Amino acid sequence: MSRQRIAIIGAGPSGIAALRAFESAERAGEDIPEVVAYEKQDDWGGQWNYDWRSGIDQYGEPVHSSMYRNLWSNGPKEALEFAEYTFDEHFGRPISSYPPREVLWDYIDGRVRTTNVKDKVRFSTAVRWVEHHEKRDIFTVTVEDLKSHRTTSSEFDRVIVATGHFSFPHVPEFQGIETFPGTLHHAHDFRGAEKLADQRVLLIGASYSAEDIGVQAFKMGARSVTMSYRSGPMGYDWPEGMEELPLLERFEGTTAHFSNGEIREFDAVILCTGYLHKYPFLPSDLALQSGNNIYPAGLYRGVVWQGNPKVYYLGAQDQWFTFNMFDAQAWYVRDLIMGRVELPTAAERAEHLQEWHQRFQEVGGDADAVRFQAEYIRDLIEATDYPMFDLDEVVRIFLAWKEDKKKNILTYRDKPYRSVMTGSLAAEHHTTWLQELDDSLERYLSTPEETDVEKAV
Ligand code: FAD
Ligand code: NA7
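What comes next is a walk through the structure. (Residues numbered from 1 in each chain as written. Chains lettered and ligands numbered in written order. Predicted model: local features only at pLDDT ≥ 70, side-chain atom pairs only at ≥ 80, totals over all residues. Heavy atoms only, no water.)

It is worth spelling out the pairing of strand 7 (residues 158–161) at this point. Remark: a regular strand shows side chains that alternate across the two faces of the sheet. Of the two faces of strand 7, the one lined by R158 and I160 and the one lined by V159 and V161 are each fully buried. Strand direction decides the pairing type here: strand 1 (residues 5–9) and strand 7, joined by four bridges, are parallel. Note that in strand 7 the partner of I8 across the bridge is I160. As paired strands, strand 7 and strand 20 (residues 311–313) are joined by three bridges and run parallel to one another. (Buried < 20%, exposed > 50% of the residue type's maximum accessible area, 1.4 Å probe, protein only. Helix = DSSP H or I, 4+ residues; strand = E, 2+ residues; numbered from the N terminus. Pairing = 2+ DSSP bridges.)

Moving on, we come to the site of ligand 1. Near ligand 1, the surroundings consist of 30 residues, among which S14, E39, H64, N74 and T322 are the closest. Between Q41 and ligand 1, the recorded distance is 3.1 Å, taken from a side-chain N or O atom to an oxygen atom. With the chains in place, 92% of the 980 Å² that ligand 1 exposes on its own is no longer accessible. Per-element accounting of the shell around ligand 1 gives the leading share, three residues, to strand 4 (residues 125–133). Split into classes, the residues belonging to the shell around ligand 1 amount to 13 nonpolar, 15 polar and two charged. (Near = heavy atom within 4 Å. Polar contact = N/O pair within 3.5 Å; in protein donor to acceptor, adjacent residues only side chain to side chain. Areas by Shrake-Rupley, 256 points an atom, 1.4 Å probe, with all protein chains shown as cover. Nonpolar A, V, L, I, M, F, W, Y, C, P; charged D, E, K, R; others polar.)

Another point: the side chain of S419. Mapped onto the elements of the fold, S419 is located in the loop between helix 8 (391–407) and helix 9 (441–445). You can call S419 buried: its relative accessible area is 8%.

Before going further, it helps to examine the packing of aromatic side chains. Inspection of the entire model under this criterion finds 28 aromatic pairs. Look at F166 and Y275: their rings are 6.0 Å apart centre to centre, the planes differ by 75°, and that puts the pair in the edge-to-face class. Of this pair, F166 sits in the loop between strand 7 and strand 8 (168–169) while Y275 sits in strand 17 (residues 275–276); the two residues are 109 residues apart in sequence, bridging distant segments of the chain. A relative accessible area of 23% places F166 in the partly exposed class. Aromatic pair F180 and F251: ring centres 5.5 Å apart, planes at 50°, arrangement tilted. Residue F180 is found in the loop between strand 8 and strand 9 (183–186), and its partner F251 is found in strand 13 (residues 248–252); the two are separated by 71 residues along the sequence. Given a relative accessible area of 3%, F251 falls into the buried group. An aromatic cluster is present here, built from W48, F82, Y85, F87, F91, Y107 and F323 joined pairwise through their rings. The ring of F82 carries the charged tip of R111 above its face, separated from the ring centre by 3.6 Å. (Phe/Tyr/Trp six-rings, centres within 6.5 Å; stacked < 30°, edge-to-face > 60°. Lys NZ or Arg CZ within 6 Å of the ring centre and 35° of its normal.)

Attention now goes to the sheet that holds strand 10 (residues 200–204). Sheet strands associate in pairs through backbone hydrogen bonding, adopting either a parallel or an antiparallel arrangement. Strand order in this open sheet of five strands is 9-16-10-11-12, and the pairing throughout is parallel. In the strand order of this sheet, the two ends are held by strand 9 and strand 12 (242–245), each with one partner. Each strand axis lies, on average, 15° off the axis of its neighbour in the sheet, ignoring direction. In the packing of helix 4 (residues 208–219) onto the sheet, the strands contacted are strand 10, strand 11 (224–228), strand 12 and strand 16 (268–271), and the crossing angle to strand 11 comes to about 170°. (Axes fitted to C-alpha atoms, helices over the stretch in contact; angles between N-to-C directions. Contact = heavy atoms within 4.5 Å.)

Laid out in structure tokens, this is it:
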């Protein structure tokens, strides 16, 4: 049999996990398929590869990353740590539990920096179309080299979709919003809160983006921060100057009317209304259609496309766990592809899907959702040689994190957690999140003199 050819679309944390999974099998002496990854950005890291642009990038492509300059991890790093490459190994010493974006990019990159996997990535190359040929059971993948404008097609036996699902903003209509004269954009285009100083800011939505952009705006001196919820409030003990109101009903110029009859004036509005699953390079019979949830329909074990089991998705679920979940998925998909794990029949897969879908339907609340995702990951790891880790302890870390946020939404990022991989306790950072205004890797890893820390205060 000729060597299989595998296309990986996207080289964010999920695509890199797939590359790493094959590389580790190769290191163990196995013959691996020929793997080609396509990444439309000039470098890898996906969301963690910060782009100062918003809207359209230098090649005329939609900007991928929704991350902002001041972003720090929104959950403890101990919950996302790779089981086979720890933070201690990468940084050579304990670091704090909530590193800034650049530090996490460095960690993702560090795991594969010294391997040959970067050679397998075609950077600045956008996948334009994927077509499955029924008779020959192969895929044609058509890509554009964004630098040379050359379009080429190649054939593959299987396709791994790892393009993420937090890049295409969901932009609902609000009555009268076209009359709002202040600054107005979606969280996807938000790059930093500095210019919100002294502004009256409205964030529509009640999830991670609203919460974090809200506290960033507060930190940078916004005059007021209002967050508007549809289903229910986040309910944190917000500091003075921050508030939650029910759904926004309509705008009249700078005035916003809320469903409880309250009225406020705003200078800036940011829609934190989530993202769409969108795969413009896939025909509809291969494209996942889903809301942002932890068990998207049609994906056996969360990764195998039921409509064509030679198409796989990584990272398609809403995420409590992130990097280590992508690894568990990538290892499982690799083993399916390499024949180390047997793919059940379509009927068996449908039954499994139904069973897990039922379990997903019974999830009631966040703590349950975290446990569900932990069990999902356990099921994947048990089928592969990815190192099992203490998932129950990670669940406890997530639950403690949620308690920390309830206690104080402005200080939760200062708390250290213990790694389930190494047992080492995170360092206390030299500067609290609220006082730190320099989010760079250099500053993060520095050991500033006491006077510098005082200066930052
Ligand atoms: P992505 O990171 O989105 O990577 C997908 C890659 O596919 C990108 O590099 C993109 O350029 C490429 N691509 C897309 N389309 C094409 C195409 N047609 N052709 C070629 N390449 C393509 N997670 C955490 O663990 N902690 C956090 O604090 C955290 N904060 C977040 C904050 C924001 C604002 C957002 C949006 C997400 C955050 N996340 C966080 C979740 C984040 O999505 C994951 O950590 C992770 O980046 C997902 O990895 P991925 O590889 O699946 O997708
Ligand atoms: P999420 O987590 O998908 O949340 C989207 C939010 O937007 C959620 O609170 C929704 O309310 C709200 N929403 C959606 N449509 C509307 C309308 N029409 N009106 C009012 N509110 C609406 O997206 P985020 O951007 O917060 O987070 C995505 C990722 O980025 C996440 O993984 C983080 O790590 C960073 P609902 O609860 O559905 O009523």
